[in-house]
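Letter by letter, the chains look like this.
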Amino acid sequence: MEEVTEAVNNLSISGGGAAAGAGAGAGAEGHKKNRIQVSNTKKPLFFYVNLAKRYMQLHNEVELSALGMAIATVVTVAEILKNNGLAVEKKIMTSTVEVKDETRPRSLQKAKIEILLGKTEKFDELMAAAAEEREANEAEEQS
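- As recorded by an unreviewed UniProt entry, the chain carries the name DNA/RNA-binding protein Alba-like domain-containing protein and is attributed to Miscanthus lutarioriparius.

1. Side note on the nonpolar core
Point 1. In terms of nonpolar packing, the biggest core is built from 26 residues, with Ile-36, Val-62, Leu-64, Ala-66, Val-74, Leu-81 and Leu-117 touching the most fellow members.
Point 2. Taken together, the elements giving at least two residues each to this core come down to helix 2 (45-59), strand 2 (61-67), helix 3 (71-83), strand 4 (108-119) and helix 4 (123-142).
Point 3. The element best represented in this core is helix 2, accounting for 7 residues.
Point 4. Those residues in contact with Val-62 that lie beyond four places of it in its chain are Asn-34, Ile-36, Ala-52, Tyr-55, Met-56, Ile-115, Leu-116 and Leu-117.

2. Observations concerning the pattern of salt bridges
Point 1. If you walk through the whole model with that rule in mind, you get 7 salt bridges.
Point 2. With a shortest N-O distance of 2.5 Å, Arg-35 and Glu-63 are connected by a salt bridge. Of this pair, Arg-35 sits in strand 1 (residues 35-37) while Glu-63 sits in strand 2, placing them 28 residues apart in sequence. Neither residue differs from the other here; Arg-35 and Glu-63 are each classed as buried.
Point 3. Taking the shortest distance from any N to any O, the salt bridge between Arg-104 and Asp-101 comes out at 3.7 Å.
Point 4. Overall, the relative accessible area of 26% leaves Asp-101 in the partly exposed class.
Point 5. Residues participating in the shared-partner salt-bridge network are Arg-35, Glu-63 and Glu-114.

3. Remarks on a negative patch on the surface
Point 1. On the surface, a cluster of negative charge is made up of Glu-132, Glu-135, Glu-138, Glu-140 and Glu-141.
Point 2. Within the secondary structure layout, Glu-135 lies in helix 4.

Definitions and cut-offs
Residues numbered from 1 in each chain as written. Predicted model: local features only at pLDDT ≥ 70, side-chain atom pairs only at ≥ 80, totals over all residues. Heavy atoms only, no water. Core = buried A, V, L, I, M, F, W, Y, C linked by side-chain atoms within 4.5 Å. Buried < 20%, exposed > 50% of the residue type's maximum accessible area, 1.4 Å probe, protein only. Helix = DSSP H or I, 4+ residues; strand = E, 2+ residues; numbered from the N terminus. Contact = heavy atoms within 4.5 Å. Salt bridge = Lys/Arg side-chain N within 4 Å of Asp/Glu carboxyl O. Patch = residues over 30% accessible without salt bridge, like charges linked within 9 Å, V, L, I, M, F, W, Y side chains within 5 Å. Areas by Shrake-Rupley, 256 points an atom, 1.4 Å probe, with all protein chains shown as cover. Lys, Arg positive; Asp, Glu negative; His and termini not counted. Charge placed at Lys NZ, Arg CZ, Asp CG, Glu CD.

Structure (structure tokens):
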């Protein structure tokens, strides 16, 4: 778990658009700088939780997006952020998208969800407290 947190903390986010674990791409919509495309197979759950926190620090809001079986992961990430007092729901959009599968003659319909989360008033305060706690633990480990 620590490796995941460390990897997210060391992650540098460039202005070229942000799509983590792009399952079935953003298609014609392009990439939004504050969108995270969640996969339920590529990264652990808390990778997405920590990445969402990081995006909210940079952009004040984050859009979590997923297709099919990854929808449960997106909902879990959103609920963790909400229950920890870090995020508020701004918008939830559901739809179906057509996915072409090379192995089948027809395209498949897949469920899609997009959840837009914004920072709470206490977000910065909670993040600062978590950073202080992390630094105290690191100092304790070194001594």
